[in-house]
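# Breakdown of the fold
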Amino acid sequence: MPTDPINTEDASAAMAAASASAIVIRGGGGGGERRRHCRLPAPLLMLLLLALALARDFPTPFAAVDASEAEADADDDDDDDDPSSVENKCTLYLAPSSIPHAGLGTYTSIPLSPRQIVGPPEPLINVLDLPFHTSPEESNGALLADYDWAGVDYLAHLEARKVQAMIPGMGAAINSHPGLYNVAAGHPAVDSAGLSRYREEEDDDESNSFDPLEPGDPGVGAFTYYHSLRSLAARSLPAGAELFAHYSDPYFLDRTDDFGYIPLAQDFDDADRIVTKFDRYLSESEGTERELNEEQLKDLWEMTVRGSFDADVRTKRLREALPGTVRDARRAAAGTGTADLSLPSHVRGLEWLEKYGMCVDTVRPGPSAIRQAGRGGFAARPVAEGEIVLPLPLLHVNRTLLDMRALRPDPEFEGRLLKGKDVVGRQLLLNYCYGHKDSSVLLLPYSTGSANINHAPTGDGANVKLRWHVPTSTSTEGEEDDTDDEEEKGVGAFHHPEWLDLDASDIFTKMKTGLLMELVATRPIDEGEELLLDYGKDWSDAWNEHVRDWPSKGPHGYGNPEKNRPYGYPHELNEDKFSPVKTHAEQTEEDDDDGGDPYPPNVATACFYNAVDEGHPLSPNALRRRIPVDPSDPSRGIVTAIEIPWDGEGMGELSHPTLRPCRIVSREERVNDRDERNVGRRSVSFETTELVYTALMEPWEGDIPDDERHVVYDMPRDGIALVDRSYSSDQHLGGAFRQEIGVPDGVFPEAWKDLA
């Protein structure tokens, strides 16, 4: 924690004036307020004045562990230290959260080093333009909104106008504590798992080509292409620690009415500084005439806390961050820290996790053996028949929330879309939900690995099944105890079986999660075996019909048959690190004889760049000059061109720079290093070169002023990505398969069948 020295000179004048003054102390005691006068020595008043100044005036850096800081401090070898290598040991548990009334949380059972992988990699499912297609009032969208993430943080935001990313695993199952943030997500991989919307044919010259008029794989667009999202420890963690993500300050600020004045990271940092100075003063006073008795210490801490509180909202949060007693203040100063002290039970013992938790690292992702399925889930360790493979906490969603309607630009408000009445498609998220054709209730499981369980191609091929939580499971021991303490109840205590008897309309009034299913092995499963679930007859019939009709429906999307330039997959182009990125001139040149070679029409260039704001000051090496918007048309005015050298900031796996459309202006070869080596009797000179680019940045959500143009030069290839233009990827295909996973009769509640 910070250990700023106490500056006694600043308070000397106040000390002299107040040395004989009476200080009024108000405190709670018994049933009412007590009021008395006492005479304080000048040093105590000095400390009080310093505490007042501390709490209100000094600058405070962000207290949470910054992911880039963890990245810089970590050893490179930790990046490959996968906890799943611990043989037959559960490394991740779902259990009651240490945060009161927060429901379930996720815990590590092994110690973690900075940047060490936490749990299995996960898929990310994009929900597109949800505010334009429907509204929370219509379809219970508020509950879903509490579990999604901003698409811009996961390089998915260019898919549509508004992208919300669902991460149905740790991204939904871990909570947040502003002062104890300890896990950060990296960047997902993006690819189609080898599927293509066009059929590949072999020409006479034995070269492969794609016929844009012939549909290819019927599975394109039916599963998410965003996968292998890794969670990494942002700092060292002990075994048993609850995992906390960074929800961002606005998440808590917007929910003050629900949560109260929860301290933010900056408030915990302020509180750490206050208790540190308080503790230092007491330590320096021990054994001197300034040493205080117990009651004086209590009064002094009370004044310190009150001195850091007024009507300002931020200081309300600061007061909540300060310990309530002198003992706790000194404990926090001794190294615990105020954030850690605010949640003393966030580190659990292994015995507690095994008693009250359920293992959730049992499924590993990998390429599925089932054609058209993309990626699948595989057993991380052997599973016995009847054993729980995964607990499945469920997010209940109204089916209509995933309806997509035709959108058109609002002529009155730029950037807003208007929806039509007719449903023209469904969100991809539907394919990951459990449901029944006769019900408007959909259930999204959000246990780690649950999104990777595929359908068994044959009826007898399934090795897992769904069931509602069974209270007698040993992994939820304690849930039936007569106690109100959530920490002394198991995972099953958060399942409400009485909801199964409610009408569907009543389910949608529940604005919190409260349902739990289990994925159970129907036979012994070997380690590494793919886990397969029977999705039901309705799903199978829908898939078979889709495959049958696919050749006639075809992939409705981008393509240019006249020039034989069909849709191109950006991930395939990005894998080629040796070919230079095409400049804007090369892409717009139509005469191939003059060097023009444009990308497929769906492919655009994008660059990693954080625009200038308070947190990212403009580089001192930036050059400014005034230029016309259009040299051929002076009437369009003048703008400021800002030329900024590439600094590579924020390009690590744990950082999230803004990926924005950009125009590649030029490229050149740059010499990086020169070296001389002796070869025999001769001295040979070596040099390494790389291509660097100059790019014009496009604004993202207004972060570049209209009268500025940001031009970044010396940008390496890693700073550029080829991406799908908005609304052009396979997820937007009009004929892509959409169908929920079927829950069989006898398991799906009869009371929910409101569409029968």
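Everything numeric in this text was worked out from a predicted model, so none of it was measured. (Residues numbered from 1 in each chain as written. Predicted model: local features only at pLDDT ≥ 70, side-chain atom pairs only at ≥ 80, totals over all residues. Heavy atoms only, no water.)

## Re the sheet that holds strand β13 (residues 226-229)
Worth spelling out the cut-off: Two strands are counted as paired when DSSP detects at least two bridges linking them. Only DSSP runs of H or I reaching four residues or more are called helices, and only runs of E reaching two or more are called strands; each is numbered from the N terminus.
On the basis of which strands lie adjacent, the open sheet formed by five strands has the order β6-β7-β5-β13-β10 and antiparallel pairing. Whereas interior strands pair on both sides, the edge strands pair on one side only; in this sheet they are β6 (148-150) and β10 (189-190). As judged from the four bridges shared by strand β5 (residues 122-128) and strand β7 (residues 163-166), these two strands associate in the antiparallel manner. Within the sheet, the bridge partner assigned to Val127 lies in β7 and is Gln164.

## Overview of the pairing of strand β28 (residues 603-608)
In plain terms, the rule: Under the scheme applied here, a residue whose accessible area is under 20% of the maximum for its type counts as buried, over 50% as exposed, and between as partly exposed, the area being computed with a 1.4 Å probe on protein chains only.
Judged by how many residues are buried, β28 sits mostly within the fold: six of six residues are covered. Here β28 shows a buried face lined by Val603, Thr605 and Cys607 and a second buried face lined by Ala604, Ala606 and Phe608. As paired strands, β28 and strand β34 (residues 720-724) are joined by five bridges and run antiparallel to one another. Following the sheet pairing, Ala606 is matched in β34 by Ala721.

## Structural notes on the confidence of the model for the protein chain
Condition: As a per-residue quantity, pLDDT reports the predictor's confidence and falls between 0 and 100. Only heavy atoms enter the contact rule, under which two residues are in contact if any of them lie within 4.5 Å.
Within the protein chain, residue pLDDT values average 80, and 76% of them lie at 70 or more. Between residues 1-43, whose pLDDT stays under 50, and residues either more than four places distant or in other chains, the model counts 69 contacts. The low-confidence segment residues 557-564, where pLDDT is below 50, has 20 contacts with residues more than four positions distant or belonging to other chains.

## Looking at helix α13 (residues 326-336)
Filter applied, for reference: It is the directions from the helix axis to the C-beta atoms that the arc portrays.
Turning to α13, its buried residues are Val326, Ala329, Ala332 and Ala333. The buried side chains of α13 occupy one side of the element, clustering within an arc of 125° when seen end-on. More than 90 degrees from the buried face of α13, the exposed residues found are Arg327, Ala334 and Gly335. On its buried face, α13 is in contact with α10 (265-285), α11 (294-307) and α14 (338-342). Count one or two residues on from α13 and you reach Gly337, which has phi positive near 85°.

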